Amino acid sequence: MDATGPGGGPPRVRSGAVLEVGPLSGRPGLRASGEISVTTRPSWEKALTELSRRHTDVSYVELSGVRFVDVAGVAALAVTAINLPGGRVVVEQPPPQLPRVLEMFWPSLRRIEVAPR
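Below: a short report on this structure. Quick caveat: nothing in here was measured; it's all calculated off a predicted structure.

**Details of helix α3 (residues 97-105)**
Among all positions in α3, only Gln97, Leu98, Val101 and Leu102 are buried. For α3, the arc enclosing every buried residue in end-on projection is 135°, short of the 170-degree limit, so these residues lie on one face. Residues of α3 that are exposed and point more than 90 degrees away from the buried face comprise Arg100, Glu103 and Met104. Its buried side turned inward, α3 meets β3 (58-69), α2 (71-82), β4 (88-92) and β5 (112-115).

Here it is as structure tokens:
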């Protein structure tokens with residue numbers, strides 16, 4: 001298979017995954033949109049590190065704009081919650097795979113509360 005596009009035209013370029021992360025307005029936490037995968041994981045982990053530094057009792061992670069999160073992205077979130085000195089992380093509107101992965105690998109993790117879509 002060659003790298004040319006349809007009709008022998010220029011090759012198709014597949015765009016990389018994008019993740020945008022920023023602070024929530026009016027409450028502690030972060031909002032993410034895009035995709036959490038191997039290519040965006042450094043940004044995700046950096047945002048989670050910052051979240052843990054600012055954590056007091058409850059931190060919010062709003063994910064309504066996230067289309068996909070891989071298992072390692074969920075693991076980074078779980079490890080962040082486990083390592084908090086106290087309190088919990090409320091995950092709002094995550095993609096469907098996030099609660100399934102949490103239940104599969106961390107069924108007794110009570111530091112994460114998931115508010116479904």
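**Re the side chain of Glu92**
Mapped onto the fold, Glu92 is located in strand β4. Its relative accessible area of 16% is what places Glu92 among the buried residues. Residue contacts for Glu92: discarding those within four places in its chain leaves Arg27, Tyr60, Val61, Glu62, Leu63, Ser64 and Ala115.

**Here we look at the pairing of β5**
Direction of pairing for β4 relative to β5: parallel, over a ladder of four bridges. Among the inter-strand pairings, Glu92 is bridged to a residue of β5, identified as Ala115. Crossover handedness for the path β4 to α3 to β5: right-handed.

**Overview of unusual backbone geometry**
Residue Gln93 is not a glycine yet carries a positive backbone phi of 50°. Along the chain, the position of Gln93 falls in the loop between β4 and α3. Overall, Gln93 belongs to the partly exposed group, its relative accessible area being 36%.

Criteria and cut-off values
Residues numbered from 1 in each chain as written. Predicted model: local features only at pLDDT ≥ 70, side-chain atom pairs only at ≥ 80, totals over all residues. Heavy atoms only, no water. Buried < 20%, exposed > 50% of the residue type's maximum accessible area, 1.4 Å probe, protein only. Helix = DSSP H or I, 4+ residues; strand = E, 2+ residues; numbered from the N terminus. Arc of directions from axis to C-beta. Contact = heavy atoms within 4.5 Å. Pairing = 2+ DSSP bridges. Right-handed = clockwise from strand over helix to strand, strands pointing away.

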